[in-house]
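Topology and contacts: notes
What follows is the residue order along each chain.
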Amino acid sequence: MLMAEYSSPFASGPGGVMTDDVGVITGDLELRTEAGEDGLVSVYVRYEEADEWYRLRGASCVVHDPRDHRALHMALLGVLNRPAG
């Protein structure tokens, strides 16, 4: 069961972000993190306002305190959002 979900727009840097599904994607993107009751956080990206989400390579993890999910989301956003390169 899904416990929490966060979503944020961001701009990728020149190298883009690597996904498991389609390789590198670039440009104006959106980050989504979903945490389940078991603490597993799944991480996805998509082109801004697109329908299809892609799993971000190497980003899924387990949090032991549900409050850590938001901090994880914000940390990922900080790393991925590089509009100036």
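Refer to the preceding data block for the structure.
Residues numbered from 1 in each chain as written. Predicted model: local features only at pLDDT ≥ 70, side-chain atom pairs only at ≥ 80, totals over all residues. Heavy atoms only, no water.

**Notes on the pairing of strand β4 (residues 28-36)**
Among the 9 residues in β4, 8 count as buried, and that is most of the element. Here β4 runs beside strand β5 (residues 40-47); their pairing, made up of 7 bridges, is antiparallel. Within β5, the position partnered with Leu-31 by the bridge is Val-45. Where β4 folds back on β5, the antiparallel hairpin that results is connected by 3 residues, among which Gly-39 adopts a positive phi of roughly 90°. (Buried < 20%, exposed > 50% of the residue type's maximum accessible area, 1.4 Å probe, protein only. Helix = DSSP H or I, 4+ residues; strand = E, 2+ residues; numbered from the N terminus. Pairing = 2+ DSSP bridges.)

**Observations concerning the pairing of β5**
Taken across its 8 residues, β5 has 6 buried, putting it largely inside the fold. Sheet analysis places β5 next to strand β6 (residues 54-55), joined by 2 bridges and oriented antiparallel. Its bridge partner lying in β6, Tyr-44 is registered against Arg-55. A loop of 6 residues connects β5 with β6, the two strands running antiparallel in sequence, and Glu-49 in this loop sits at a positive phi of about 70°.

**Here's the deal with the pattern of salt bridges**
Side chains that differ in charge, positive against negative, can pair when their charged atoms come close. Counted by the stated rule, this structure contains 4 salt bridges. One salt bridge connects Asp-20 with Arg-57, and the closest N-O pair in it is separated by 2.9 Å. Of the two residues, Asp-20 sits in the loop between β2 (17-19) and β3 (23-25) while Arg-57 sits in the loop between β6 and β7 (61-62), which places them 37 residues apart along the sequence. Residue Arg-57 is classed as partly exposed on the basis of its relative accessible area, which comes to 47%. As a salt-bridge pair, Arg-46 and Glu-30 come within 2.9 Å of each other at their nearest N and O atoms. One end of the pair, Arg-46, is in strand β5; the other, Glu-30, is in strand β4, and 16 residues separate them in sequence. Arg-46 gets classed as buried once you look at its relative accessible area, which sits at 16%. Overall, the relative accessible area of 14% leaves Glu-30 in the buried class. (Salt bridge = Lys/Arg side-chain N within 4 Å of Asp/Glu carboxyl O.)

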